[in-house]
Amino acid sequence: MSELTMRVWRGDPEGGAFTDYPMPAVEGEVVLDVIHRIQAGPAPDLACRWNCKAGKCGSCSAEINGVPRLMCMTRMDELPTEEPVVVAPMRTFPVIRDLVTDVSFNYEVARRIPPFTPGPPPPGGYRMKQQDVERGQEFRKCIECFMCQDVCHVIRDHEENKTAFAGPRFFIRLMELDSHPLDEEDRREFTRHDAGLGYCNITKCCTEVCPEHIRITDNGIIPMKERVIDTAYDPVVWLGRKIVRRGARRPASTAGTAGEQPAAEESATA
Amino acid sequence: MPEYESHEYDVIVIGAGGAGLRAAIEAKERGLRTALVCKSLLGKAHTVMAEGGAAAAMGNVWPEDNWQVHFRDTMRGGKLLNNWRMAQLHAQEAPDRIYELERWGALFDRTADGRILQRDFGGHRYARLAHVGDRTGLEMIRTLQQRAVALDVDVYMECKVLRLLKDAEGRVSGAIAYWRASGDYVEFRAKAVVVATGSVGKSWLYTSNSWESTGDGHAMALWAGADVIDMECIQFHPTGMVWPLSVRGILVTEGVRGDGGVLRNSEGARFMFDYIPAMFAAETADSEAEADRWYEDHLHNRRPPELLPRDEVARSINSEVKAGRGGPHGGVFLDIASRRSAEYIRRRLPSMYHQFKELAGVDITAEPMEVGPTCHYIMGGIRVDADTEATTVPGLFAAGEVAAGLHGANRLGGNSLSDLLVFGRRAGMAAADFAEGRSGAPSPEAGDVERALSDAEAPFGREGGESPYDLHQSLQRTMQALVGIIRTESELVEALEELDELDDRATRVSVTGGRVYNPGWNLATDLPSMLTVSRLVAKGALERRESRGGHTRDDYPKADPELGKVNFVQRLGSGGEFTIAPEPLPEMPPELQRLLEEEHS
Ligand SMILES: Cc1cc2nc3c(=O)[nH]c(=O)nc-3n(C[C@H](O)[C@H](O)[C@H](O)COP(=O)(O)OP(=O)(O)OC[C@H]3O[C@@H](n4cnc5c(N)ncnc54)[C@H](O)[C@@H]3O)c2cc1C
Ligand code: SF4
Ligand code: SF4
Ligand code: FES
């Protein structure tokens, strides 16, 4: 049976180093399988995070040969095994131990986002067209692996930006809420100021690593930038767009002018 | 004794899957001090993996559907071992719970007229599963997570509960846990506790379950004095991946069959036509032509046999493979490629497409998948009151997969996600009522905390003992080989003997390193629950001398009408020994009885 070498980062907040583990190669395995075999053998206390082992929960993110990937969805036979396979924790987040990082930053940002705020349901319940929910559905595929956050240079190299920058995962969350046919909250101010959308210079690194193939920049960030910057502080323009997108439905009661927009309602078929 | 921090709440909920999140939302909305404790990160619980959908008789696709039909399907699917009242509440309330998710932001797939679309699944008479492609669990968990966050529920994540705590009067009064990131201990004092810890699959070698499914809640409740019932009723899902070995057990959603996929053996035959049981003969197609017409016209055709309840399909696959008609890796073939267009398959089943492409190198739009049964779900669990989810111990409630009753001897696909919502909410309400009615601060007995901490610390004090990983593997091998899909007395007796040995080995487990994010130690603290639950399953399986739903005995191949009237109840005896006895099922009122007897064409 052939052998391979796993070069795994071991350490804690104080520091650490790579350790080599020579392991027999087994057909069909993914990186997480080999990590599990290391745990069951030479390093029982090797820390790694995982849950589903099916690419569905987004727990097992790590940097494999320098690229953020899900350990449970990266097959060993697609990696060059003449060289050691290098497995390191995500760099943007503080290390807890070995491959496990402290991702609480993301949970804090999530708490700050103004929540989904629907209008009252019409008699007979809400109706939404499939084509109107599809944009939001693309973003809701997000498994919160935080690899887009990991790779974004705005916070990867600048710890200090974390207070002012929500990161790509949350830009698509904001876009998802904004394009939700039932939501009526205006988050433009939040998106500009609190979430720091302006820091993003559209390098598209986030899109490249997304395991769910969400088009984070093209479908999320870029349209969001247009919306936030073009229409900043002009409630009528903002409202008009919302109504066009939503179809013939009474516009937001949260925005002061909402009731008096019959013209906009007519443009709904556009 | 190590130090520990302490927090006081009105209600704590252990588990942040669908059931736990829904319970916490309910208690928090009532204005109670509420905490949610889970052993993974928030949003990663096993529920996230659910694919096919949530069953609710909304009648959006088939107006003929209603709660009575859903009730009937659930009871028949469960081989009438269900708690009738739970089946009734579930069927009645599921639609409201789905619409509630929509009010909280969920984006389900839509019908042409803009309502929530519903899909076909095994054992459901009408297309009934609200869904989002094949990632319904993700949509549900994210919606509930975001709702809980909006309500500002306190979340303790990566925090593993070891034991429940009781006060001097025997009321559950909190729990003792540790933070995985620091290894520090935490005590929760609470007036009411909801257990929503999910499944037990990690005691088997091939399972669709995530690592969290170690049966902690089942074991904790039992240790605290609660009754558990029908632990032998385990669902082996008919279609798990079989190859490569490292992914063996990962689920292939029933949605593949609901959307037109069929099962074939190595000779290319649709063998399910040979395995239609009498109970379902009247409603199952007996020719391929009729089965194929059913997808378009449910009213004039009977359903394909591939969509029989899961226990039937899993057993049939098992028989085909045993008869030498299996595939190269011991499975059978699930074929949708020859039946639907590539575009349709990619749109309806995107995660399945990726899963096979990435993990097995198989393109499911061009070739069949090889599949076989995998340990998937436990119908048995903590005994609860149907309306309140109260266990037999005051102050303790249970909801979701950890609780028993709704699904009887076999669960229909899609009935779990709706179960989580209906009974998660009810558990949250009842726990809130209980907390409000309880005066004084909760005061757990100090002795319980001490015992739990010294047990948790013990593996550090031993050197060169058993590896927790080895012990886990031995347990999985035992359960897979001896308490699997087909059971027999001699093997179950052997399993119990092996479990004695494994219990003994568990007293010698040792771990290296410290408490900070140490998976070896974490596993060592999961082992007592896994061993406890495995014993409950093996004992239940030995006692139930019949075949019913997810419990199949080679030596008692038929259902015994007398045993169909009892739950097997297990609890701890005064000396700490496990006791088991049959107790009669709650009696069903005649008007519901009639619903079951009504013949539908
Ligand atoms: C692959 C797959 C697909 C499925 N598809 C469907 C489907 O389409 N439709 C359907 O209806 N059902 C489906 N099911 C079944 C359904 O997903 C589960 O039954 C359901 O999600 C269980 O939810 P739960 O809330 O009870 O627990 P879980 O979601 O399992 O959550 C358990 C929670 O308890 C926590 N926990 C456990 N032990 C401890 C402890 N000691 N201390 C602290 N926290 C603890 C965990 O961290 C977790 O948060 C599927 C299951 C699988 C595996
Ligand atoms: S596109 Fe913007 S958000 Fe994405 S990685 Fe680049 S800078 Fe960051
Ligand atoms: S957007 Fe993609 S990369 Fe970012 S967290 Fe979600 S799934 Fe991961
Ligand atoms: S373990 Fe869930 S995504 Fe890898």
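Residues numbered from 1 in each chain as written. Chains lettered and ligands numbered in written order. Predicted model: local features only at pLDDT ≥ 70, side-chain atom pairs only at ≥ 80, totals over all residues. Heavy atoms only, no water.

Student: So, the state of the cysteines: which residues are in play, and what are the values?
Tutor: All told, the structure shown has zero disulfides over all chains when counted by the stated rule. Looking at the unpaired B:Cys233, the closest cysteine sulfur is the one in B:Cys375, lying at 13 Å. (Disulfide = S-S within 2.5 Å.)

Student: I'd like to hear about the site of ligand 1, residue by residue, with values.
Tutor: All names here are of chain B. Near ligand 1 there are 40 residues, and of these Thr47, Glu212, Asp216, Glu401 and Leu417 occur at the shortest range. Note that an oxygen atom of ligand 1 is positioned 3.0 Å from one of the backbone N or O atoms of Ala19. Here an oxygen atom of ligand 1 and a backbone polar atom of Leu417 are 2.7 Å apart. At four residues, the largest contribution of residues to the shell around ligand 1 is made by helix α12 (residues 415-436). Within the shell around ligand 1, the residues separate by chemical class into 16 nonpolar, 17 polar and seven charged. (Near = heavy atom within 4 Å. Polar contact = N/O pair within 3.5 Å; in protein donor to acceptor, adjacent residues only side chain to side chain. Helix = DSSP H or I, 4+ residues; strand = E, 2+ residues; numbered from the N terminus. Nonpolar A, V, L, I, M, F, W, Y, C, P; charged D, E, K, R; others polar.)

Student: Quick one: what's the story with the nonpolar core, residue by residue and with numbers?
Tutor: Generally speaking, a soluble globular protein has its nonpolar side chains buried in company with each other. Counting 238 residues, the largest nonpolar core has A:Met6 and A:Met71 as the members making the most contacts within it. Considering every element that reaches this core, the biggest residue donor is helix α16 (residues 519-543) of chain B, with twelve residues. Non-local contacts of A:Met6, meaning those with residues more than four positions away in its chain, are made with A:Thr19, A:Asp20, A:Tyr21, A:Met23, A:Val31, A:Val34, A:Ile35, A:Ile38, A:Met76, A:Val85 and A:Val87. Counting six residues, the second largest nonpolar core, distinct from the first, contains B:Tyr377, B:Met379, B:Ala409 and B:Leu585. (Core = buried A, V, L, I, M, F, W, Y, C linked by side-chain atoms within 4.5 Å. Buried < 20%, exposed > 50% of the residue type's maximum accessible area, 1.4 Å probe, protein only. Contact = heavy atoms within 4.5 Å.)

Student: Please give an account of unusual backbone geometry that cites residues and values.
Tutor: The step from B:Trp243 to B:Pro244 runs through a cis peptide bond, and the omega angle for that step is -5 degrees. Mapped onto the elements, B:Pro244 comes out in the loop between β11 (234-241) and α6 (255-258). Backbone geometry at A:Lys53 places phi at a positive 55 degrees, although glycine is not the residue there. In this structure, A:Lys53 sits in the loop between α1 (31-40) and β3 (61-64). By relative accessible area, which is 13% here, A:Lys53 ends up buried. In the Ramachandran plot, B:Asp230 falls in the positive-phi region, its phi being about 50 degrees despite a non-glycine side chain. When its relative accessible area of 5% is taken as the criterion, B:Asp230 is described as buried.

Student: Can you tell me about α16(B), naming the residues and giving the values?
Tutor: Residues and elements named next belong to chain B. Helix length check: α16 (25 residues) gives 36 Å between terminal C-alpha atoms against 36 Å at 1.5 Å per residue, within 8%. Along α16, the sharpest kink reaches roughly 30 degrees, centred on Asp526 and followed within four residues by the proline Pro528. In terms of residue burial, α16 counts as a mostly covered element, since 22 of its 25 residues are buried. One side-chain oxygen of the residue at the start of α16 lies 3.0 Å from the amide nitrogen of Gly520, identifying that residue as Asn518. (Expected span 1.5 Å × (residues − 1). Bend = angle between axes of the 7 residues up to and from the residue.)

Student: Which residues make up the side chain of A:Ser61, and what values do they have?
Tutor: Residues and elements named next belong to chain A. By the element assignment, Ser61 lies in strand β3. A relative accessible area of 6% means that Ser61 is categorised as buried. At 2.8 Å, the side chain of Ser61 forms a polar contact with the backbone oxygen of Cys145. With near-sequence residues (within four places) excluded, Ser61 lies in contact with Arg69, Leu70, Met90, Cys145 and Met147.

Student: So what's going on with the interface of chain B and chain A? Residues and values would help.
Tutor: With 61 residues of chain B at the contact, the number on the chain A side is 55 residues. For the pairing of chain B and chain A, the buried interface totals around 4,700 Å² over both sides, and the portion due to carbon and sulfur atoms is 54%. In this structure, the connection of chain B to chain A is made through six salt bridges. A salt bridge links A:Arg140 to B:Glu139; the shortest N-O distance between them is 2.6 Å. Across the chain B-chain A interface, the total number found is 38 residue pairs in polar contact (both at pLDDT 80 or more). Residue assignment for the side of chain B that touches chain A shows that the elements contributing at least two residues are α3 (84-103), α4 (136-150), β6 (154-157), α11 (350-360) and α16 of chain B. (Buried area = accessible area lost by both parts, 1.4 Å probe. Salt bridge = Lys/Arg side-chain N within 4 Å of Asp/Glu carboxyl O.)

Student: Go over the domain arrangement of chain A with me, naming the residues and quoting the values.
Tutor: Residue and element names in this part refer to chain A. Under the domain assignment used here, chain A contains domain 1 (3-101) and domain 2 (104-235). Summarising the inter-unit geometry, the C-alpha centres of domain 1 and domain 2 are found 30 Å apart. Between domain 1 and domain 2, the residue contacts involve 14 residues of the former and 18 residues of the latter. Where Arg91 meets Asp157, a salt bridge forms, and the shortest distance between an N and an O atom there is 2.7 Å. Counting every contact that joins domain 1 to domain 2 gives six residue pairs in polar contact (both at pLDDT 80 or more). For the side of domain 1 that touches domain 2, the elements supplying multiple residues, two or more each, are β3 and β4 (67-70). In terms of residues, the side of domain 1 that touches domain 2 owes the most to one element, β4, which gives three residues. Among the residues making up the side of domain 1 that touches domain 2, the classes are represented as six nonpolar, four polar and four charged. (Domains from an automatic or database assignment.)

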